[in-house]
2 protein chains.
Amino acid sequence: MTSTDENVRYTPKGKRVTYTPQSAGQSAQNVIRVLEGRWKLMILFQLFVSKLLRFSELERAIPGISQKMLIQQLRQLEADGVVTRIAHPEVPPRVEYLLTEWGQSLCPVLDNLLTWAESAPDDLRARLIDPDAMSDQ
Amino acid sequence: MTSTDENVRYTPKGKRVTYTPQSAGQSAQNVIRVLEGRWKLMILFQLFVSKLLRFSELERAIPGISQKMLIQQLRQLEADGVVTRIAHPEVPPRVEYLLTEWGQSLCPVLDNLLTWAESAPDDLRARLIDPDAMSDQ
DNA sequence: CGGTATCCGGAATGATACTG
DNA sequence: CAGTATCATTCCGGATACCG
C-alpha cells in the first residue's frame, strides 16, 4: 500500500475531514506543536483550574519559570487561539489571561491523554505520571 | 490558591490518579514528550494503518526522512513502549516494526486530538489541518 | 507590574559517508 | 537491508540586565 496521496483531504459539504496516513500525521504534528514548549502544559492546567490569572499570578504559580519564557509561551498560545490576553489600561498595568472557548475544550482532550498514560504498563506509567513522587505505599 | 502540593498523587487501592494543576501539567508534559520529535507522528500513523512495516518500508512511506532520524525516533518510541522491534536473524537482515498493545490504544486518543483541531475557528483550523492543501472548493 | 533586549550553551535535526 | 559515525546547523531555553 503506502499510498502517497490518493484521497481528498476535505469533504466540501460534510463535516468530517478525510485523512491519509500522511495528512493525519502532518495534522497531528501541527496540533502537538501548539502544546509543545517547556511550560505550556503547566500554564494550561493552571488556567483550567483558575480560569483567570494575572501575569504575576502565573509567574508565582509556576515555580522555576522566567518572565521571558512565561511571556513567550503565553504569546504563542495566544497566537494559536488557545488563550486570550486582556490588558487593562491602568497604572500600575494589569494583564489577565484566560482560555478561549476552544482552549477550554482542550481540557477533556488532555484528560484523555492522561488516562492513556495511566493505562500504560507499570514500569512505563511510573515515568509518565510524575518522575518523582511515586513513593506512596 | 496556587497550592504547591497539598494532594496525594496516587490513590493506593483505587484506580484513578489525583492531580494538582502542577502534577497534571507535569504528567501531561511527560506524555507529550513521548510524541514529540519531527517524525514520530508520521511513523505512528503509518503503523496505525499498516500494522507491520519493515525499516525500508517506513523509509519509503515517509518522504524526506533520513535513516538516522528514522532509527532514532523508532528507538525512542520503542524505549517508551509504543512500538515493538522485531529483528529476524537472516541475511540480508529484516527488521519489522509494529505497535505495542498500549501503542495501539493511542490511536483513538490522537483521533480526539484531531477532532479538537477540526473544531477550531476557521482561520486557525486552516493552519492545523494541513498547511498546504486546503485548495479544495 | 508586565514586560523587552541580548547573549549563550546544549539539545534536536539535517547532510553525508561508511558498514556488517 | 538496516543500520553507525561524524560533522554542521538550527532551534530552543536559561541567565541577566534594562524599561514604560
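Calculation criteria
Residues numbered from 1 in each chain as written. Chains lettered and ligands numbered in written order. Predicted model: local features only at pLDDT ≥ 70, side-chain atom pairs only at ≥ 80, totals over all residues. Heavy atoms only, no water. Axes fitted to C-alpha atoms, helices over the stretch in contact; angles between N-to-C directions. Helix = DSSP H or I, 4+ residues; strand = E, 2+ residues; numbered from the N terminus. Parallel < 35°, antiparallel > 145°, perpendicular 65-115°, else oblique. Left-handed = near helix turned anticlockwise from the far one by under 90°. Contact = heavy atoms within 4.5 Å. Near = heavy atom within 4 Å. Polar contact = N/O pair within 3.5 Å; in protein donor to acceptor, adjacent residues only side chain to side chain. Nonpolar A, V, L, I, M, F, W, Y, C, P; charged D, E, K, R; others polar. UniProt positions renumbered as here; feature names shortened; annotations may be inferred. Buried area = accessible area lost by both parts, 1.4 Å probe. Salt bridge = Lys/Arg side-chain N within 4 Å of Asp/Glu carboxyl O.

Peer 1: Lay out the packing of helix 6 (residues 106-118) of chain A against helix 6 (residues 106-118) of chain B in plain terms, naming residues and giving numbers.
Peer 2: In the contact formed by helix 6 of chain A and helix 6 of chain B, the axes pass within 10 Å of each other and the chain directions differ by 170°. Considering their axes alone, helix 6 of chain A and helix 6 of chain B lie roughly antiparallel with respect to each other. Every pair of crossing elements has a handedness; the one defined by helix 6 of chain A and helix 6 of chain B is left-handed. Touching L106, V109, N112, L113 and W116 of chain A of helix 6 of chain A are L106, V109, N112, L113 and W116 of chain B, all from helix 6 of chain B.

Peer 1: Quick rundown of the protein's contact with DNA strand D? Include the residues and the values.
Peer 2: Around DNA strand D, 21 residues are found, and the nearest of them are K68 of chain A together with Q67, R75, R85 and Y97 of chain B. Taken together, the sugar and phosphate atoms account for 60% of what DNA strand D places within 4 Å of the protein. Take Q67 of chain B: an N or O atom from its side chain is 2.6 Å from a base oxygen of DNA strand D. Contact between DNA strand D and P93 of chain B: a sugar or linking oxygen at 3.1 Å from a main-chain N or O atom of the residue. Residue composition of the surface near DNA strand D, by class: nine nonpolar, five polar and seven charged.

Peer 1: How would you sum up unusual backbone geometry? Please name residues and give values.
Peer 2: Residue and element names in this part refer to chain A. The linkage connecting V91 with the following residue, P92, adopts the cis geometry, with an omega of 0°. Inspection of the secondary structure assignment puts P92 in the loop between strand 2 (83-88) and strand 3 (94-99). In this structure, K51 takes a positive phi of about 65° despite not being glycine. By the element assignment, K51 lies in the loop between helix 2 (40-50) and strand 1 (52-54).

Peer 1: Can you explain the UniProt feature "domain: HTH hxlR-type" (unreviewed entry) in chain A? Please cite residues and give values.
Peer 2: UniProt records the feature "domain: HTH hxlR-type" (unreviewed entry) at residues 20-125 of chain A, using the numbering of this structure. Within residues 20-125 of chain A, the helical portion is 63% and the strand portion 14%, while the C-alpha atoms at the span's ends are 31 Å from each other.

Peer 1: Got a sec to walk through the protein's contact with DNA strand C? Specific residues and values, please.
Peer 2: Taken together, 21 residues are adjacent to DNA strand C, and Q67, R75, R85 and Y97 of chain A together with K68 of chain B come closest. A distance of 2.8 Å separates a phosphate oxygen of DNA strand C from a polar atom in the side chain of Y97 of chain A. The contact in question runs from a base oxygen of DNA strand C to an N or O atom on the side chain of K68 of chain B, over 2.3 Å. Among the residues making up the surface near DNA strand C, the classes are represented as nine nonpolar, five polar and seven charged.

Peer 1: Help me get a handle on the interface of chain B and chain A, residues and values and all.
Peer 2: Contact with chain B, which involves 64 residues of that partner, is made by 65 residues of chain A. Across the chain B/chain A interface, buried area totals approximately 6200 Å², and carbon plus sulfur atoms make up 63% of it. Summed over the shared surface of chain B and chain A, the number is six salt bridges. The partner of R16 of chain A in a salt bridge is D111 of chain B, with the nearest N and O atoms 3.4 Å apart. Where chain B meets chain A, there are 20 residue pairs in polar contact (both at pLDDT 80 or more). Secondary structure elements with two or more residues in the side of chain B that touches chain A: helix 1 (21-35), helix 2 (40-50), helix 6 and helix 7 (122-128) of chain B. No other element matches helix 1 of chain B, which puts 14 residues into the side of chain B that touches chain A. Residue composition of the side of chain B that touches chain A, by class: 35 nonpolar, 16 polar and 13 charged.

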